[in-house]
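# Commentary on secondary and tertiary structure
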Amino acid sequence: MLLNPLNRRHRLRHDIPVVPGAFPLVGHLPAIVCDLPRLLRRAERTLGSHFWLDFGPAGHLMTCMDPDAFALLRHKDVSSALIEGIAPELLSGTLVAQDGGAHRQARDAIKAAFLPKGLTQAGIGDLFEPVIRARVQAWRDRGDVTILRETGDLMLKLIFSLMGIPAQDLPGWHRKYRQLLQLIVAPPVDLPGLPLRRGRAARDWIDAQLRQFVRDARAHAARTGLIKDMVSAFDRSDDALSDDVLVANIRLLLLGGHETTASTMAWMVIELARQPVLWDALVEEAQRVGAVPTRHADLAQCPVAEALFRETLRLHPAVTLLPRRALQELQLGQRRIPAGTHLCIPLLHFSTSALLHEAPDQFRLARWLQRTEPIRPVDMLQFGTGPHVCIGYHLVWLELVQFCIALALTMHKAGVRPRLLSGVEKGRRYYPTAHPSMTIRIGFS
Ligand code: HEM
């Protein structure tokens, strides 16, 4: 594991052990980014359920493996403002980093558009269906693809169309967003060629484009799409929110709307390629329904595709850790946590924990197909819970089911199935967002 062999000293902060092995400047970030599951398991085994991880420039976060930690996301004395502290240049002014009234005001401006009714009224499923079909047909024609690059492009195209932005230079946008994400883990050294400088340049580039989209949305009254709705809602709000806040939130939506879903979609294809029985079950379902669903109401006809989406996310959650700050002293598991403590809530750990799931390391569609009770917050913990629960949940569900059915119909018609052309374990990343290796290739034959 990427830990500093010279840092073996056992230290305590507020009576809680600090994980040994931090490097100067970057702390445990190399191990967090490349090997988070092993790091968490080793820390729990050697230090217990509460320990400090060093996030380099973002400082120490007290990580708690006790399932109580998940409930903190709903706790009134826990704040999201730390998110801004960790990534000020990326998330400052965005709703994900706000609490209380300010958060509600920004969320209210967009939330209806992402609920099943809003998505159906805006015809989002009809908008996406031809784009998804064209993309999987292109994969079929090419015979093999570098999967994460492809799903990243596809997801950007979908989120751009939902926002009402003309889609051009998608690989360029994708590259800029990857550089932007590096701002979360960049060492605080601002020199040409280093991640901090590149990330800032990427943010300036993205923001300049977004400001132009906002100006266009104001200038063309007839424009449709979410940007237009957001501009109207922000302009209408009592204490009008500034364009900086509007642009920051659009930047967040584009990021949230493509990075995480692209990773999940790529993992789905990888799982379908390495487990033929999953592919067979999906093809059977796709043939039965016969067409790609376009409305939320139709998703119930695709339980296998839905189970694939839920089980893929359970084993490969795209968001692995959530930061929070305790505003008051809190009880967490067996410990009192002082006010002001910076907390890390390890979604990855809960998502794959034996406390919550039987045979947690196995990919089992049956755990979703055979359940009789409705989905509970803990069943979709990969999307968080409480006031900040992911706004894109219903959208992701729709687009991933559409994608699965389109893939199965297209490939089956051509008499081919997905096959893994490279190893899966090397090159995985877990932070700031998790994704499979950028180089994994999938063949269709
Ligand atoms: C597989 C895909 C996705 C995953 C795993 C995911 C995960 C999450 C998680 C864990 C949070 C909670 C953050 C927190 O509590 O601090 C969140 C929030 C958020 N997500 Fe997603 N997300 C996904 C897709 C999307 C999509 C498609 C969109 C929009 C188009 C989106 C937009 C947002 C926004 C705006 C927030 C902030 C909500 C708030 O602070 O009130 N996400 N997401």
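Think of each chain on its own: its residues are numbered from 1, step by step along the sequence as written. A pLDDT threshold of at least 70 governs which residues receive local features in this predicted model, and a stricter bar of 80 or more applies before side-chain atom pairs are shown or counted, although totals over entire chains, interfaces and linings include all residues. By convention in this description, side-chain values take in all heavy atoms of the structure and omit both hydrogens and water.

Going by the annotation in an unreviewed UniProt entry, the name recorded for the protein is Cytochrome P450, with Mesorhizobium tianshanense given as the source organism. UniProt positions are given in the numbering used here, feature names are shortened, and annotations may be inferred rather than shown by experiment. Under the UniProt heading Cofactor (unreviewed entry), the entry covering the protein gives this text: "heme".

Numbering goes from the N terminus for both helices and strands, where a helix is a DSSP run of H or I of at least four residues and a strand is a run of E of at least two. For the protein, the helix and strand inventory stands at 17 helices and 12 strands. If you line up the protein on its principal axes, its C-alpha atoms span 60 × 50 × 50 Å. A simple rule labels every residue: compare its accessible area, found with a 1.4 Å probe on the protein chains alone, to the largest value its type can have, and call it buried under 20%, exposed over 50%, or partly exposed in between. Counting the 445 residues in the protein, one finds 54% classified as buried. Contacts are residue-level and defined by heavy atoms, with any inter-residue pair within 4.5 Å sufficient. The long-range share in the protein, meaning contacts at least 24 apart out of those at least 6 apart in sequence, stands at 71%. Here the protein displays about 18,900 Å² of accessible surface, and carbon together with sulfur accounts for 52% of that area. In the protein, 54 positive and 43 negative side-chain charges are present, and the distance between their average locations comes to 4 Å. Where accessible areas are quoted, they stem from the Shrake-Rupley method and a 1.4 Å probe; at the residue level, only the protein chains shown are allowed to cover. Only four residue types enter the charge count: Lys and Arg as positive, Asp and Glu as negative, with His and the chain ends excluded. Here the site of a charge means NZ on Lys, CZ on Arg, CG on Asp, or CD on Glu.

The next thing to look at is the site of the ligand. Definition of nearness: a residue and a molecule or strand are near each other if at least one heavy atom of the residue lies within 4 Å of the molecule or strand. Around the ligand lies a shell of 29 residues, among which H103, R107, R324, H388 and C390 are the nearest. A distance of 2.6 Å is found between an oxygen atom of the ligand and a side-chain nitrogen or oxygen belonging to R107. By the criterion applied in these results, polar contacts are pairs of N or O atoms within 3.5 Å in which, for protein atoms, one can donate a hydrogen and the other can accept it, and in which residues neighboring in sequence qualify only through two side-chain atoms. Between the ligand and R324 there is a distance of 2.7 Å, counted from an oxygen atom to a side-chain nitrogen or oxygen. Looking at the shell around the ligand, the elements with two or more residues in it are α5 (100-108), α12 (243-274), β7 (322-326) and α17 (393-413). Considering each element in turn, the shell around the ligand owes the most residues, 7 residues, to α12. Here the residues of the shell around the ligand sort into 17 nonpolar, 10 polar and 2 charged. When residue character is reported, Ala, Val, Leu, Ile, Met, Phe, Trp, Tyr, Cys and Pro are called nonpolar, Asp, Glu, Lys and Arg charged, and the others, Gly included, polar.

Another aspect to go through is the nonpolar core. For this analysis, a nonpolar core means a set of buried residues of the types Ala, Val, Leu, Ile, Met, Phe, Trp, Tyr and Cys, connected via side-chain atoms within 4.5 Å. Core analysis: the largest hydrophobic core is formed by 129 residues, its most contacted members being F55, L162, M163, L407 and Y431. No other element matches α12, which puts 16 residues into this core. The residues touching L162, leaving out its near neighbours within four places in the chain, are F114, L119, I124, L127, F128, G225, L226 and L395. Listed in part, the 20 residues of the second largest apolar core include L322, A326, L330 and F350.

On to the pairing of strand β4 (residues 60-64), then. Along a regular strand, successive side chains alternate from one face of the sheet to the other. β4 sits mainly inside the fold: 5 of its 5 residues count as buried. Residues H60, M62 and C64 point to one face of β4 and L61 and T63 to the other, with burial holding for every one of them. For two strands to count as paired, DSSP must find a minimum of two bridges between them. Alignment of strand β3 (residues 50-54) against β4, held across 5 bridges, turns out to be antiparallel. Considered in β4, the bridge of D54 is made with H60. From the end of β3 to the start of β4, which pair antiparallel, there are 5 residues, and G56 there has a positive phi angle of about 60°. The pairing of β4 with strand β10 (residues 342-345) spans 2 bridges and is parallel. Bridged to T63 within β10 is C344.

The subject of this paragraph is the environment of R428. Relative to the elements of secondary structure, R428 occurs in the loop between β11 (418-420) and β12 (441-444). On a C-alpha basis, the gap between R428 and L365 in space is 23 Å, while along the polypeptide they are 63 residues apart. Apart from the residues lying within four places of it in its own chain, the contact partners of R428 are V33, C34, W267, H316, H435, P436 and S437. Here H316 takes part through its side chain, which lies 3.4 Å from a polar atom of the side chain of R428. In this structure the side chain of R428 is engaged in a polar contact, spanning 3.2 Å, whose partner is the side chain of Y430.

Two side chains that carry opposite charge are able to pair once their charged atoms sit near each other. The salt bridge definition used is simple: a Lys or Arg side-chain nitrogen within 4 Å of an Asp or Glu carboxyl oxygen. The tally for this structure, following the rule as stated, stands at 27 salt bridges. A salt bridge links R200 to E89; the shortest N-O distance between them is 2.7 Å. Taken together, the residues span a long stretch of sequence, with R200 in helix α10 (residues 195-219) and E89 in helix α4 (residues 88-91) at a distance of 111 residues. E89 gets classed as partly exposed once you look at its relative accessible area, which sits at 21%. For the salt bridge of E329 with R336, the shortest nitrogen-to-oxygen distance reads 3.0 Å. Take E329: its relative accessible area is 48%, and that puts it in the partly exposed class. Judged by relative accessible area, R336 falls into the partly exposed class, the value being 47%. Overlapping salt bridges bring together E89, D190, R197, R200, R203 and D204 as one network.

Taken in spatial order, the 3 strands make up an open sheet running β6-β12-β11, and their pairing is antiparallel. Each of the sheet's edge strands pairs with one partner strand only, and the pair in question is β6 (144-146) and β11. When strand polarity is set aside, the average angle formed by the axes of neighbouring strands in this sheet is 30°. Pairing analysis gives 3 bridges linking β11 to β12, with the strands arranged antiparallel. By the bridge assignment for β12, L420 is matched with I442. Fitting a line to C-alpha atoms yields each axis, with helices limited to the stretch in contact; the angle taken between N-to-C directions then spans 0 to 180 degrees. Running at roughly 90° to β11, α12 makes contact with β11 and β12 of the sheet.

Take the coordination of the iron atom of the ligand next. The protein supplies the iron atom of the ligand with one donor atom, C390 (SG), which lies at 2.3 Å. Turning to its location among the elements, C390 is positioned in the loop between α16 (366-369) and α17. The rule for donors is simple: an N, O or S atom within 2.8 Å of the metal counts, and for Na, K and Ca the reach is 3.2 Å. Water is not among the atoms, so a site may look short of donors.

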